[in-house]
Structure formats: structure tokens, C-alpha cells
Amino acid sequence: MVTKNTILQLGILCLLLSFTSCISTKIVYSGLTEKSASLIYLHDSPIAKHQSNISVAIQPPQYSNNALLEVSQLQKTNTTLIPLIIYNELKLEFTYTLGQSILQEDILPFVHNNLIGSSYRNGVFSIDSLSNSDFTLEVTIDSLSATGPYTSTESGMYAVLTYITVIQEEAGPGEAYSRFTYRLQKKGETILEETVESKRSIAPVVNERYNIPKLRTDYTTQLAESLSLTLKENIDHIVTRINEYVYAQYSSTSQLNTLTEQELEARRSFRINPQKRAKVVVYYPANNHHNYPLPVMWNDSTLAMLTPGTYQVLSVPVEPIRLCTSQQICKKIEPSIDNTTYLVLSALKDEQSVRTDMRSIKSKRGRYQIQKLRKMTNEGNSITR
């Protein structure tokens, strides 16, 4: 017989579990985005042994739209609750999607560098870095995604005077996808145009032989690696199609230049070091005494314009840089791939002008403010309930 006390107990249990669900979403997201992931892949395509007299100017790729999220996103898709007398189970189901902020390399420079690298290694055409060639290659990135389900199940059972809790998490199956449109032009006339796409799947992984923190970081790494392989396949396809066009301009390969062993070795060892990126969060707290917008500048370029009570997540090179709010107020920082750099802006108006300031938050002395900013950035851009 169901009594009022039983209903009340179940209601309290549901309330507690729903609160736990909110906390769990943040914990899962924090684990998935704890470490950044790299797009670097192994160049294993065959080395071209011939060289034509055709050179191609490879233009920097462009997005046709916002092809990739700026910040990784964790969206809760379903909650299942089993509240029994001696056994409780809470199952949270999410969809996790990679964003640029978790990647060590910016997509557009990465694709550009690898187009150049693959063309040098595998192309039967040369690369015109001065754009003096009759041939121009333009690439547009139409779509990018790396996403998959993530499930966290927490079950509890009463045994005599103890309550035993077991947590199991499962990642995947995931999928990475990329689609490019490329255009090869000769003196402004399109001679090759095609849309290429690539898709990669990731097998599901359960934490039976994994510890949960490792499962989360490994899932992010696997999604990034799969996305990287789709980029590689599209790039290799473009180089192959240009090679086919070049071969068609000659009656036989004997008309092409045969590379020496020294030239072949130079192609095998050719590498372009991608510029790794780090994350910087700039926060401009609200203040009742002013409402002045402040710019965040780097190399005389405005990266963001902040108003009080807002923040901006920046992607910057992993090297010492100076960020400024004016020509006089600057802060030198040394961004790291593994740790986010946090900066706080402030402004104070006196009778003659507005004085601005920029300071960094240290991990030890400012840990509470850092926790606040982490919560703010996660909830504001990354977690959807």
C-alpha cells in the first residue's frame, strides 16, 4: 500500500537526484574538456616521383559558414530515473560535440599547411608561394563535426546498514565528418571543381577496463583523431585529382622530370610545424559605476569588444604575447595548451578620463574566482540542458 510518507520520500528522492543530475552534467563536461587534443596526423601517402612544370598557388581555406563550434558542447538528451525502495538508478544521456577551443590547432591554418605539405610530398606539380602562377587552388570548408553520445549511469543499493554506489560510463559510438569544396582555376577559368567529403566512425567504449577520467579524455582524443583523418582524406583526394589533371596534360610520364633520390628524401622528410593554440578567458565584471565597453587587442588588432558583465574565450598562439586594452595598458602572458589563462578587465572613471586595467588570475590565490569563471564559461557556451 502506497502511503503519503512513501510518496513524500519518492518526491524527495527525485528532487535530490535531479539536483545531482545538474552537478553530474558539469562534472562530465569538465572531464571531457580537461585536456586539449591535437589534429596532427601521419603523412603516409606515396611520395610522387615525378615533377611537372605546372605550379599551383594554394590560397588559404575559408569557411562557407560557421562550420565548427567555437566551444565544445555537452547537451543532455535524456534522463532515466528508477527510484525503488532498495535500489535506485539514475541514467544521464548526452550528446558531446567537439569545438575549436579543445583543439590544439586552428582548423583553417591546419588545413592550409597540410594542403601545402601533401602537395609537396605527393603532388606532381610545384607550389607557387608568390601567387605568380596561372593556376590557383581555392578550398572552402562547408561542414565539420565530431560528435557522439556519452552515457553516465549511477546506481545505488541498500545493503544492511550501508548504501553501495556504482558509476558506469559509456562513450560512443562517435562520428567525425568533413566536407570541402575545391576549385582549381587557370587564369581565372575554373578547370576543376568538386565537393569531397569524408566520414569516420568511433567504436563505443565502456569503463570496464578504463578509469572514468581516462575514458573521458580518451573519447575527446578519439573524436579529434577521427576528425583529423577526415581532413587528411579530403586533402589527399584534392591532391590526387590535381595530379590526374596534370598527367592528362602530358602524353607520357617521360615528359615529366624524374626526381633524384636526394629530392625524394627531401619530400619524405618535409614537415610543416602547425601553430598550436591556447585558450585565454578575458572577463569584464559588471560594475555599477561604469558601463564602458573595453577592447581586447593583440598586434594592433581588436580580438574582442567586451561590455561589463561579459567574457570572451580567445584562441591565441602558444608563445609569449601582449594583450592590451589601450596603447598604455597591456599584459604579457605565456599561454599554455594544458591550462587556460584567465584575465580580468576593470575600468574606473575619474574627472578627466577612464582608467583601465588588466590583470591575470593566479591558480592558487584566485582559485575561487577561477572556479566562478569556469562555471560561467561552461554554462554560458558549452552545456545545454
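A.B. asks: Got a sec to walk through the state of the cysteines? Specific residues and values, please.
C.D. replies: In this structure the tally under the stated criterion is 1 disulfide. The partner cysteine of Cys324 in its disulfide is Cys330, sulfur to sulfur 2.0 Å. A torsion of 105 degrees about the S-S bond marks the disulfide between Cys324 and Cys330 as right-handed.

A.B. asks: Report on the pairing of strand E7 (residues 135–159), specifying residues and quantitative values.
C.D. replies: Summarising the sheet, strand E2 (residues 55–58) and E7 pair through 3 bridges and their orientation is parallel. Following the sheet pairing, Val56 is matched in E7 by Phe135. Where strand E5 (residues 87–97) lies against E7, 11 bridges are found, and the strand directions are antiparallel. Residue pairing for E7: Leu92 is matched across the bridge by Ser152. Bridge count between E7 and strand E8 (residues 162–171): 10 bridges; the pairing is antiparallel. Directly across from Ser155, in E8, lies its bridge partner Val166. Between E7 and the antiparallel strand that follows it, E8, lie 2 residues; Val160 among them carries a positive phi value of about 55 degrees.

A.B. asks: Can you lay out the packing of aromatic side chains for me, pointing to particular residues and giving the numbers?
C.D. replies: Enumeration according to the criterion identifies 4 aromatic pairs in this entry. Centre to centre, the rings of Tyr41 and Phe110 are 6.0 Å apart; their planes meet at 85 degrees, and the pair counts as edge-to-face. Of the two residues, Tyr41 is situated in the loop between helix H1 (4–32) and strand E1 (50–51) and Phe110 in helix H2 (residues 107–122); the sequence distance between them amounts to 69 residues. Judged by its relative accessible area of 10%, Tyr41 is buried. Consider the rings of Tyr150 and Tyr219, whose centres lie 6.0 Å apart with planes at 40 degrees: the pair is tilted. Of this pair, Tyr150 sits in strand E7 while Tyr219 sits in helix H3 (residues 212–248); the two residues are 69 residues apart in sequence, bridging distant segments of the chain.

Parameters at a glance
Residues numbered from 1 in each chain as written. Predicted model: local features only at pLDDT ≥ 70, side-chain atom pairs only at ≥ 80, totals over all residues. Heavy atoms only, no water. Disulfide = S-S within 2.5 Å. Pairing = 2+ DSSP bridges. Helix = DSSP H or I, 4+ residues; strand = E, 2+ residues; numbered from the N terminus. Phe/Tyr/Trp six-rings, centres within 6.5 Å; stacked < 30°, edge-to-face > 60°. Buried < 20%, exposed > 50% of the residue type's maximum accessible area, 1.4 Å probe, protein only.

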